[in-house]
Amino acid sequence: MTDDTPDPASGLRALLPDLSPWRASVDFRRLWISGLISNFGTFLTFVALPVQLKELTGSAAAVGAIGAVELVPLVVFGLYGGALADAWDKRKLIVWTEAGQGLLSVFLLANALLPRPAVWPLYVVAALSSALVSVQRPALDSLWPRIVAHDHLPAAASLNSLRWTVGGVAGPALAGVVVAYAGVGWAYGADLLTFVVSVVLMVRIAASPASHEAVKPSLRAIAEGARYAWTRKELLGTYAVDLAAMFLAMPLAVLPFLADELDAEWSLGLMYASVPAGALLVSLTSGWTSRIRRHGRMVVLSAALWGVAIAGAGFVGDVWLVLLFLTLAGGADMVSGIFRAAMWNQTIPDELRGRLAGIELLSYSVGPTVGQVRGGGLAAWLGVRASVWSGGLLCVGAVGLLALCLPKLMTYDARTNEHAVRLREQLSLIHIDRT
């Protein structure tokens, strides 16, 4: 039996999520719970804000402009936030940005309670929220290797994925009910409450000061992180594969038109829920991921399967088969995300972790955003279904080409990779010093 083959004797229990990080680290538990709570609140606002904008303007273009105002802060503050995460105390950065998000919820609530709510605050809050999230995520992503044992990092990635997918499936459903029956004001108020609870949990996490090798945030520091990423071809491969998959095969923008073309308008909500549902199924059965060591191969394989599933969703003419393929696509994307996170967390040195997390943020955020523009434009040119299946096939081809051009991604082994071995030894010494 190979190292990548799960033990059949372990049965169903081997498929359940590995809870080792949860048992071993109290800070991991606090961060996980706070993230789960604030994630529900975030989805309340995620649904309420465009609904309110639609009610105020009646314009689809005005609603679509939310993505435009979010993109620039995402790029700028994602990179700078990575430099901040390396230079400042990560816990303080996480807490203050979380509190800032709560303050933005106050602004949204106050505006919603006005007799005539204004439109411009919705765009301002969307841009500021994107900036705060872009600063927080590198600090949060670079904190996990400090609070979780090196060998537990793949399991931690799976548990974090479970947290996000639970919110991705249940959050929008809850948000739809709250907005429809209680109004956007209640949604913003509930979001504010979740941020308060989240901050209370976060302030109890141990301090996480900058390492001795930390440099001040600057363009030079950002460039240093980019140069390091360029020298690590296996890391470069994870960024490139995910960008290609999301840019070429992200179908969300055309799903309303696909539902119409299939004469199944009722299925639109199910289509949107299918991708996170597939991701949730993988998260709930992710125990096997802790036993895989060839992470690069799994990233490539799952990205190719994402493309195949999206192509299938475009080819078939039955709505239930479309839902099945979208669910499979969501599961494949989650597998890719788990192993990408494992590679990042187990190999990047602590003094560069924040800046590399900023680059990672761009790799998995910009791709879907720009990919929706691509999908919509291609749908207008070739037709909706052609846009979907051609994007899937292009994804498979691009991923295969990247695998050929980046052999280090395919040969990566967590047990023998020099960067993984070095970081494992460093963390072992830190653990010995603390005990």
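Residues numbered from 1 in each chain as written. Predicted model: local features only at pLDDT ≥ 70, side-chain atom pairs only at ≥ 80, totals over all residues. Heavy atoms only, no water.

Engineer: What's the story with the packing of helix H9 (residues 233-249) against helix H12 (residues 295-315) in this structure? I'm lost.
Structural biologist: Two numbers describe a pair of packed helices, the interaxial angle and the distance between the axes. As a packed pair, H9 and H12 sit with axes 10 Å apart at the nearest point and diverge in direction by 5°. The pairing of H9 with H12 is recorded here as roughly parallel in orientation. Taken together, the residues of H12 that come into contact with H9 (itself represented by Val241, Ala245, Met246 and Ala249) are Val299, Ala303, Trp306 and Ile310. Residue composition of the contact of H9 with H12, by class: eight nonpolar, no polar and no charged. (Axes fitted to C-alpha atoms, helices over the stretch in contact; angles between N-to-C directions. Helix = DSSP H or I, 4+ residues; strand = E, 2+ residues; numbered from the N terminus. Parallel < 35°, antiparallel > 145°, perpendicular 65-115°, else oblique. Contact = heavy atoms within 4.5 Å. Nonpolar A, V, L, I, M, F, W, Y, C, P; charged D, E, K, R; others polar.)

Engineer: Got a minute to help me understand the pattern of salt bridges in this structure?
Structural biologist: A side chain with one charge can pair with a side chain of the opposite charge if their charged atoms come near. Counted by the stated rule, this structure contains 12 salt bridges. Here Asp141 ties to Arg137 by a salt bridge, and the two come within 3.9 Å at their closest N and O atoms. With Asp141 and Arg137 both in helix H5 (residues 120-147) and four residues apart, this pair spans about one turn of that helix. With relative accessibility at 11%, the residue Asp141 sits in the buried group. Asp350 is the salt-bridge partner of Arg146, the closest N and O atoms lying 2.6 Å from each other. Taken together, the residues Arg146 in helix H5 and Asp350 in the loop between helix H13 (319-347) and helix H14 (353-382) connect sequence positions 204 residues apart. Through salt bridges with shared partners, a single network forms among Asp86, Glu224 and Arg355. (Salt bridge = Lys/Arg side-chain N within 4 Å of Asp/Glu carboxyl O. Buried < 20%, exposed > 50% of the residue type's maximum accessible area, 1.4 Å probe, protein only.)

Engineer: For this particular structure, what's the right way to read the state of the cysteines?
Structural biologist: Note on terminology: disulfide describes a covalent bond linking the sulfur atoms of two cysteines. In the structure shown here, the tally under the stated rule is zero disulfides. A disulfide-free cysteine, Cys405 has its sulfur positioned 15 Å from the sulfur of Cys395, the nearest such atom. (Disulfide = S-S within 2.5 Å.)

Engineer: Where do I start with a negative patch on the surface in this structure?
Structural biologist: Negative charge collects at one region of the surface, where Asp260, Glu261, Asp263 and Glu265 lie side by side. Note that Glu265 resides in the loop between helix H10 (255-261) and helix H11 (268-284). Relative accessible area serves as the criterion here: at 48%, Glu265 is assigned to the partly exposed category. (Patch = residues over 30% accessible without salt bridge, like charges linked within 9 Å, V, L, I, M, F, W, Y side chains within 5 Å. Areas by Shrake-Rupley, 256 points an atom, 1.4 Å probe, with all protein chains shown as cover. Lys, Arg positive; Asp, Glu negative; His and termini not counted. Charge placed at Lys NZ, Arg CZ, Asp CG, Glu CD.)

Engineer: What's the story with the environment of Ala110 in this structure? I'm lost.
Structural biologist: Note that Ala110 resides in helix H4 (residues 90-112). On the accessibility criterion, Ala110 (44% relative accessible area) is partly exposed. Note: C-alpha distance between Ala110 and Ser59 (51 residues apart in sequence) is 23 Å.

Engineer: Hey, could you run me through a nonpolar patch on the surface in this one?
Structural biologist: A cluster of nonpolar side chains, contributed by Val72, Val75, Val76 and Phe77, occupies part of the molecular surface with about 310 Å² of accessible area. The residue Val76 is located in helix H3 (residues 60-87) in this model. Taking the relative accessible area as the measure of exposure, Val76 reaches 46% and is therefore partly exposed.

Engineer: Hey, could you run me through the environment of Ser208 in this one?
Structural biologist: Within the secondary structure layout, Ser208 lies in the loop between helix H7 (184-202) and helix H8 (219-231). C-alpha of Ser208 to C-alpha of Leu143: the two residues are 65 residues apart in sequence and 7.7 Å apart in space. In this structure, Ser208 is in contact with Trp88, Asp89, Lys90, Arg91, Leu143 and Arg146, ignoring residues within four places of it in sequence. Within the local environment of Ser208, its side chain forms a polar contact with the side chain of Arg146, the two groups lying 2.7 Å apart. (Polar contact = N/O pair within 3.5 Å; in protein donor to acceptor, adjacent residues only side chain to side chain.)

Engineer: I would appreciate a short explanation of the nonpolar core in the present structure.
Structural biologist: Buried together is how nonpolar side chains tend to be arranged in soluble globular proteins. Counting 52 residues, the largest nonpolar core has Met271, Trp306, Val322 and Leu326 as the members making the most contacts within it. Elements with a minimum of two residues in this core: H9, H10, H11, H12, H13 and helix H15 (384-405). For this core, the element with the highest residue contribution is H13, accounting for 11 residues. Dropping the residues within four chain positions of it, Leu326 is found in contact with Pro251, Leu255, Met271, Ser274, Val275, Ile310 and Ala313. Core analysis: the next-biggest nonpolar cluster, separate from the first, contains 22 residues, Leu31, Trp32, Leu93 and Val95 among them. (Core = buried A, V, L, I, M, F, W, Y, C linked by side-chain atoms within 4.5 Å.)

Engineer: Got a minute to help me understand the confidence of the model for the protein in this structure?
Structural biologist: Should pLDDT be low for a region, the predicted coordinates there are not to be read in detail. Averaged over every residue, the pLDDT of the protein is 85; residues scoring 70 or more account for 92%. By mean pLDDT, helix H17 (residues 418-434) is the weakest element of the protein at 71, and H12 is the strongest at 95. (pLDDT = per-residue confidence, 0-100.)

Engineer: Looking at this structure, I do not really get the packing of helix H2 (residues 26-57) against H7. What am I missing?
Structural biologist: Running from N to C, H2 and H7 cross one another at 160°; their axes reach a closest spacing of 8 Å. With respect to H7, the element H2 is oriented roughly antiparallel. When the axes of H2 and H7 are compared, the crossing they make is left-handed. Along the lines of polarity and charge, the residues of the contact of H2 with H7 split into 14 nonpolar, eight polar and two charged. (Left-handed = near helix turned anticlockwise from the far one by under 90°.)

Engineer: Honestly, H4 in this entry has me stumped. Any pointers?
Structural biologist: One full turn of an α-helix is made of 3.6 residues, so residues set three or four places apart face in the same direction. Between the first and last C-alpha of H4 there are 33 Å, a value that for 23 residues agrees with the 33 Å anticipated at 1.5 Å per step. At the N-terminal end of H4, a side-chain oxygen is found 2.9 Å from the backbone nitrogen of Arg91, two or three residues along, and the residue is Asp89. (Expected span 1.5 Å × (residues − 1).)

Engineer: It is not clear to me how H15 should be interpreted in this structure. Could you clarify?
Structural biologist: Here H15 is 22 residues long and its end C-alpha atoms lie 32 Å apart, about the 32 Å a rise of 1.5 Å per residue gives. Buried within H15 are the following residues: Val384, Ala386, Ser387, Val388, Ser390, Gly391, Gly392, Cys395, Ala398, Val399 and Ala403.

Engineer: Could you clarify how one ought to interpret the side chain of His419 in this entry?
Structural biologist: For His419, the position within the fold is in helix H17. Residue contacts for His419: discarding those within four places in its chain leaves Tyr228, Arg232, Glu234, Gln346 and Thr347.

Engineer: Please clarify how the side chain of Ser161 should be interpreted in this entry.
Structural biologist: Tracing the backbone shows Ser161 in helix H6 (residues 153-181). One polar contact links the side chain of Ser161 to the main-chain carbonyl oxygen of Ala157, over a distance of 2.8 Å. The residues touching Ser161, leaving out its near neighbours within four places in the chain, are Ser283, Met334 and Ile338.

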